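A closer look at the structure
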Amino acid sequence: MLQELQEVINRIAADVGVPTSLTDTRLNSLVFGPHDDAEIDAVRRQALLLRSTPDWVREWFGRYGIDTATTPVRIPAAPERGLASRVVVPARWASTTCGYICLLDVRHELDETHLDAVGEAASDVGRILYSDQQARHSDADLLSDLVRGSAVARDKAASRLGEQGRFPVGWPIAALFLQPLDGDDGADTLEHWFWRDHGALPRGVLRCLDEDGAVILTPVPLGEEPGYAVRIAEQVRASCQDAPALLVGVGEAQSDVRDAYLSYQHARLAARAARVWPQTGPVCSWDALGALRVLIGTPEDLLRDLMDPRVERLHNAQPPGLIGTLEMYLDSGCDIQATAAQMHVHRGTVYYRLDKAAALCGLDLGDGMDRLALHLGIKLMRLIDSASV
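First, a word on what this report is: a plain description of the structure on this page.

**Focus on the overall build of the protein**
Helices and strands together make up the secondary structure of the protein, namely 15 helices and ten strands. Here the C-alpha atoms of the protein give a radius of gyration of 27 Å, more than 25% beyond the 21 Å that 2.2 N^0.38 yields for 389 residues. By its C-alpha atoms, the protein is 85 × 55 × 35 Å across when sized along the principal axes. Among the 389 residues that make up the protein, the fraction classed as buried is 47%. Put simply, 61% of the contacts in the protein that link residues at least 6 apart link residues at least 24 apart. Summed over its atoms, the accessible surface of the protein is roughly 18,900 Å², and 50% of this surface lies on carbon and sulfur atoms. One finds the centroid of the 38 positive side-chain charges in the protein at a distance of 2 Å from the centroid of its 55 negative side-chain charges.

Right, here's the structure in full:
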């Protein structure tokens, strides 16, 4: 799809002789035509780097009616903010605006002859974008039914995928759940990046947006689970230089696409685990969570009942540095040397903190059951604290 759009935009740029680009309906950049660096303004330069548009630019363009326009709109310059004058041509299909062709018109040289030709090309662009959007919505609806629908909806979605030949017969499937590290602040940027063809995903995947993140469902080649989905998650994170920092939960592969909802539930819990216990992320696989599965899957109203009161006593005392050192010590398998290296302190400091923590909570670090209660209690404490934020 992008290659086809690129060819159209390149042709427009050659015909009109000015820098040309294509954006979505939120003015986030999709395709750029060729240009000389000296010809572009600061706003286009930023769009090239980030592929997103500042809010003030959307507001400025909106003043001149692009939201409801069906014909080219001239946008005056705002030189104090690095914006040159432009002509914006809506790319429409089926009475729907699907994007905008933006032409830098610094010298006001675009006349009606130029714009008539661009308008004709805009119909081709609108058709391509509209078809892509329809396919995207169809895929998103299918995936939404698979992971959040009733048993009847899941069966219907699975049957449609089978009719389309979308997933190889007999291959397992796995869900990935993507969540911005910055929460709501990164949601808009994630949405824009998520639908782009950024090359990180294998062919045939399904995508949809979720309440607080995004979902990817990928087929898993036979014999390549469980590491395959984790590699896809790492590729996704590596490809998102212009997207928010992401946490990615990877669900356990399922042998039947009708069970995609199980992998989705695991992926959501794994993403939450990566947020609560950063040492498990930023890519966190349900398969690798081990005993933490029990904690992350426990209803929030039961968490405090599971907390050992001696650990709560330590938590309430808020001793500086003690809980972090204690957690690192237990995570390392009670290795003093490794704990000291991770904490960047002397071994003697570690011994001192452990003794002080034990005295505060009344737990014996030489007793295996006490160590288990302490380790689980600290993990529970992190989980409880995260739920209250």
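**Some words on the sheet that holds strand E9 (residues 246–250)**
Taken in spatial order, the five strands of this open sheet run E7-E8-E6-E9-E10, and their pairing is mixed. What marks the edges here is a single partner per strand, and that holds for strand E7 (206–210) and strand E10 (283–285). Strand-to-strand twist across the sheet, computed as the mean angle between neighbouring axes with direction ignored, equals 20°. Where strand E6 (residues 173–180) and strand E8 (residues 213–219) come together, six bridges link them in antiparallel fashion. Counterpart to Leu 178 in the pairing with E8 is Ala 214. Helix H4 (residues 112–148) contacts E7 and E8 of the sheet and is inclined by roughly 70° relative to E7.

**What about the packing of aromatic side chains?**
A complete count under the given rule lists one aromatic pair for this structure. We note Arg 81 situated over the ring of Trp 56; from NZ or CZ to the ring centre the distance is 4.1 Å. Directly above the ring of Tyr 261 sits Arg 154, whose terminal nitrogen or CZ lies 3.9 Å from the centroid.

**Some words on the sheet that holds strand E1 (residues 20–23)**
With respect to topology, five strands assemble into an open sheet ordered E2-E1-E5-E4-E3, the strand pairing being antiparallel. Edge positions in the open sheet fall to strand E2 (29–32) and strand E3 (73–75), since each of these has one partner strand only. Within the sheet, the average angular offset between the axes of one strand and its neighbour, ignoring direction, is 30°. Pairing of strand E4 (residues 86–93) with strand E5 (residues 96–104) involves eight bridges; the strand directions are antiparallel. Across the sheet, the residue bridging to Arg 92 is Thr 97, located in E5. Packing of helix H1 (residues 2–16) onto the sheet brings it into contact with E1, E2 and E5, and relative to E2 it is tilted by some 55°. Relative to the sheet, H4 contacts E1, E2, E3, E4 and E5, its axis offset from that of E4 by approximately 45°.

Reading the values: rules and limits
- Residues numbered from 1 in each chain as written.
- Predicted model: local features only at pLDDT ≥ 70, side-chain atom pairs only at ≥ 80, totals over all residues.
- Heavy atoms only, no water.
- Helix = DSSP H or I, 4+ residues; strand = E, 2+ residues; numbered from the N terminus.
- Rg over C-alpha atoms; globule rule 2.2 N^0.38 Å.
- Buried < 20%, exposed > 50% of the residue type's maximum accessible area, 1.4 Å probe, protein only.
- Contact = heavy atoms within 4.5 Å.
- Areas by Shrake-Rupley, 256 points an atom, 1.4 Å probe, with all protein chains shown as cover.
- Lys, Arg positive; Asp, Glu negative; His and termini not counted.
- Charge placed at Lys NZ, Arg CZ, Asp CG, Glu CD.
- Pairing = 2+ DSSP bridges.
- Axes fitted to C-alpha atoms, helices over the stretch in contact; angles between N-to-C directions.
- Phe/Tyr/Trp six-rings, centres within 6.5 Å; stacked < 30°, edge-to-face > 60°.
- Lys NZ or Arg CZ within 6 Å of the ring centre and 35° of its normal.

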